[in-house]
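# Reading the structure
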Amino acid sequence: MTTIALAACSPERSEPSGPSAIGTEAPVIVPGSPGAGGRTASPGERVGQTPAPTVASDVRFAEAMIPHHRQALEMTSLVEDRTTTASIRSFARSITAAQTPEIKAMTGWLAELGRSAPAQHDHGGAEGYGMATEQQLNALRAAEGTVFDRLFLQLMTRHHEGAVRMAGEELATGRDQRMRLLAKDVYSGQSIEIARMRQTLESLPA
């Protein structure tokens, strides 16, 4: 009974976050594989979850999404001079605000791996994922007013659909925590914008 009372009165110690280092306190038993016995952790050993390793899918995702995002920013840069429609301008601001820091994050992540970001016009693995052709971009550059609004929404909706597909593939096969979190943001954010852009396109005058 004395031992129980002392334990109850002793101050609680906060649990460290993340894997814990084994020191000189009570021995820690590390479970073995199913059916096997456990073992005693060695002093200094870190016990807990370790970060998931980076795999090829993570690298492909970043190297494909960077030029994909760049093209989206190229399209949003045309909005200011070609339309006064408030909803189109709002879409452009939202897309720019989301995708600019995402490009920076993916570029920095690749640099940590010793890899350079794709060249400005290198579509790489993004080809076919809703990317606009040069002919379509030229048509967008030449358009104004309602014609621009309609073409912008059509091209950007398809562009977003490609990004959502890419993000879904990363979530299915990627392992890196940062790239998976970014893919989740792309998947959820651009899915919402797709629905809104479709509604806006339907509301435009014929």
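No experiment lies behind these values; they were computed from the predicted model shown. Along each chain, residue indices are assigned from 1 in the same order as the chain's sequence is written. The model is predicted, so local features are restricted to residues of pLDDT at least 70 and side-chain atom pairs to those at 80 or more, both for listing and for counting; the totals for chains, interfaces and linings are taken over all residues. Side-chain calculation: all heavy atoms of the structure are included, whereas hydrogens and water are not.

### Here's the deal with the environment of Ala-117
Strands are runs of DSSP state E lasting at least 2 residues, helices are runs of H or I lasting at least 4, and numbering of each runs from the N terminus. Checked against the element boundaries, Ala-117 lands in the loop between α4 (86-112) and α5 (134-142). Relative accessible area serves as the criterion here: at 25%, Ala-117 is assigned to the partly exposed category. Between the C-alpha atom of Ala-117 and that of Ile-103, which follows or precedes it by 14 residues, the distance is 9.3 Å. Residues contacting Ala-117, with those up to four places away along its chain left out, are Ile-66, Arg-70, Thr-107 and Leu-110. Between buried and exposed lies partly exposed: a residue is buried under 20% and exposed over 50% of the maximum accessible area for its type, with that area taken using a 1.4 Å probe on protein chains only. Two residues form a contact once any of their heavy atoms are found within 4.5 Å.

### Thoughts on the side chain of Arg-70
Tracing the sequence through the fold places Arg-70 in helix α2 (residues 56-76). You can call Arg-70 buried: its relative accessible area is 17%.

### Brief notes about helix α7 (residues 177-203)
Expected span of a helix, by definition, is 1.5 Å for each gap between consecutive residues, and there is one gap fewer than residues. Across its 27 residues, α7 extends 39 Å between first and last C-alpha, which sits within 8% of the 39 Å expected from 1.5 Å per residue. Where α7 is concerned, the buried positions are Met-179, Leu-182, Ala-183, Val-186, Gln-190, Glu-193, Ile-194, Met-197 and Thr-200. For α7, the elements touching its buried residues are α2, α4 and α6 (145-173). Two N or O atoms form a polar contact when they lie within 3.5 Å of each other; inside protein one atom must be a possible hydrogen donor and the other a possible acceptor, and for residues adjacent in sequence the pair counts only when both atoms belong to side chains. Two to three positions downstream of the cap, the backbone nitrogen of Arg-178 sits 3.0 Å from a side-chain oxygen, assigning the N-cap of α7 to Asp-176.

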